[in-house]
Structure formats: C-alpha cells, structure tokens
Amino acid sequence: MRDEELERPSVHEYWFVKLSKMTSLTKRGALIVFEGCDRSGKTTQCKKLVENLRNKGITTEFLCFPDRSTAIGKVIDSYLKKEEELPDRTIHLTFAANIWENEQKIKSALQNGVTLVIDRYAYSNVAYSAAKEAMDFKWCTLPATGLPKPDVVFFLDMNMEAMEKRGGFGSERYETTNFQRSVYNNFKKLIDKSWKVLNADQKKDVLHEEILTNALSITENVKNSEIGYLW
C-alpha cells in the first residue's frame, strides 16, 4: 500500500473536519432579554426590536415567558389568572421548568446565528418568587443554574404610579402596588454588568432608539464569543 493511501483521512474524519469548519464559520446570535415590573412596556419594545433587527438583515426570533402554549405553561396560566392555587415553591419550580423545556431551542437558535429577543426570563422568576414571604432569595436562583446567560438585559425602569395607570393593571395575580415594589427591589439585586437600566417613562420611540442602538452593538460584539451560563 502506498504511503499517500495510508495518510488519506477516513470518510468520517473528512466530514468531521468539514462540519467543524462550517460550524466555525457560523456567527452566533445574541440573547437579548427584557425585564421589568408588570405593564412597563416590555412586550411592545420586544416586538419593535424584533421588527427593526429583521429590517436590518439580522435573523431574529421572539420568545416570551411564561410560554403559556405548553402543558407546563397552561398550569402557570391558570395560576396567574387565579383559577388554580399552588404552593409558592411549586409554582417557582414550575416557572423554571417552563424555561428549561425551551433551553435546547434557545441554544440551538443562538448557535445557528439566530438572535433571540425574550420577554421575561429567569430573573423574573427570582424577583417575583423572592417577593413572597418565606421565600429565600438565594434558593430562588438555584433552579436557573445552567441556563444560557443573556448577552444583555434591558431593564425597563418605570415610575410605579405611571405603571398603575396602564391598561389591564390588576388583572393578574401579582399586579398589586406593594407586591410590585418588592419585585422591583429584587430586580435591583440581580443587576450585573450585562444589564442596561432604561427610563421607561420616556416616549416609546425615544426609548426604542436607545434599545436599538445597544442591541445592534451587542449582536455585533457577541458573534465570535461563547454562550455564557447562569449564575
């Protein structure tokens, strides 16, 4: 047998190298999360951002938690509408499970160059659960350990009085002023260098320009970086 035949890679080795090169050429997408108290305008800004990123040629998808379309999500939906009662620890773990059932979808999208814009994430679960009596803040963070970490968290900081005046406030379980104040304080404990605290009391278009500018920078900066993980 000739020497060159001995050195020729196998079919499996050839495709492994080829796929590795193809994967390395794919720039990953950004994980962009919106957080804030109820009725702070998160969903509106999420959808505007998805539209504008797509208009700029950036492949973008929208996710919202809780995802009420799944079996787990339907339990959460009933709980939030006050149709079902569950112990505090049980509903906390249920919220966490709702994100975990989407974890592979999130990672796959990012690795394939899709930017994800998410309305609420694990931070909300911590902030809301820890606002309840006898719920330890540190314990509330544990179920999210290992989830993909957002590249940026846009925290929409809104005046409480203005928030109360928005349509629909009070229709779901957690929408009371005192509870929302506790949630707000818990959000503040979660802030790290990846968060951008934005004034949500300003005009929607002005706020969105600030969000879009930051989002465009993030999508560019993370293309060659690894996905991070909580906490």
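Report on the accompanying structure. Bear in mind the structure is a predicted one, so any value in this text is a computation, not a measurement.

Some details on helix 11 (residues 204-221)
The first and last C-alpha atoms of helix 11 sit 26 Å apart over 18 residues, in line with the 26 Å expected at 1.5 Å per residue. Residues of helix 11 that are buried include every one of Leu 207, His 208, Ile 211, Leu 212, Asn 214, Ala 215, Ile 218 and Thr 219, and no others. The elements touched by buried residues of helix 11 are strand 1 (31-35), helix 3 (42-55), strand 3 (115-119), strand 4 (152-157) and strand 5 (195-199).

Notes on the side chain of Asp 151
Mapped onto the elements of the fold, Asp 151 is located in the loop between helix 8 (137-141) and strand 4. At a separation of 2.8 Å, a polar atom in the side chain of Asp 151 contacts the main-chain amide nitrogen of Leu 31. Look past the residues within four positions of Asp 151 in its chain and what remains in contact with it is Arg 28, Gly 29, Ala 30, Leu 31, Ser 194, Ile 218 and Val 222.

Topic: the packing of aromatic side chains
All chains considered together, the criterion is met by 14 aromatic pairs. Residues Tyr 121 and Tyr 123 carry aromatic rings whose centres are separated by 6.4 Å and whose planes lie at 50° to one another, so their mutual orientation is tilted. By the burial criterion, Tyr 121 is buried, and Tyr 123 matches it. Consider the rings of Tyr 128 and Phe 179, whose centres lie 6.2 Å apart with planes at 50°: the pair is tilted. Here the residue Tyr 128 occupies a position in helix 7 (residues 122-129), and Phe 179 occupies one in helix 10 (residues 177-190), the gap between them amounting to 51 residues. Each member of the pair Tyr 128 and Phe 179 is classed as buried. One aromatic cluster is present, built from ring pairs that chain together Phe 65, Tyr 79, Tyr 121, Tyr 123, Tyr 128, Phe 155, Tyr 174, Phe 179, Tyr 184, Phe 187, Trp 195 and Trp 231. The ring of Trp 139 is capped by Arg 89, whose NZ or CZ atom sits 4.3 Å from the centre of that ring.

Conventions used here
- Residues numbered from 1 in each chain as written.
- Predicted model: local features only at pLDDT ≥ 70, side-chain atom pairs only at ≥ 80, totals over all residues.
- Heavy atoms only, no water.
- Helix = DSSP H or I, 4+ residues; strand = E, 2+ residues; numbered from the N terminus.
- Expected span 1.5 Å × (residues − 1).
- Buried < 20%, exposed > 50% of the residue type's maximum accessible area, 1.4 Å probe, protein only.
- Contact = heavy atoms within 4.5 Å.
- Polar contact = N/O pair within 3.5 Å; in protein donor to acceptor, adjacent residues only side chain to side chain.
- Phe/Tyr/Trp six-rings, centres within 6.5 Å; stacked < 30°, edge-to-face > 60°.
- Lys NZ or Arg CZ within 6 Å of the ring centre and 35° of its normal.

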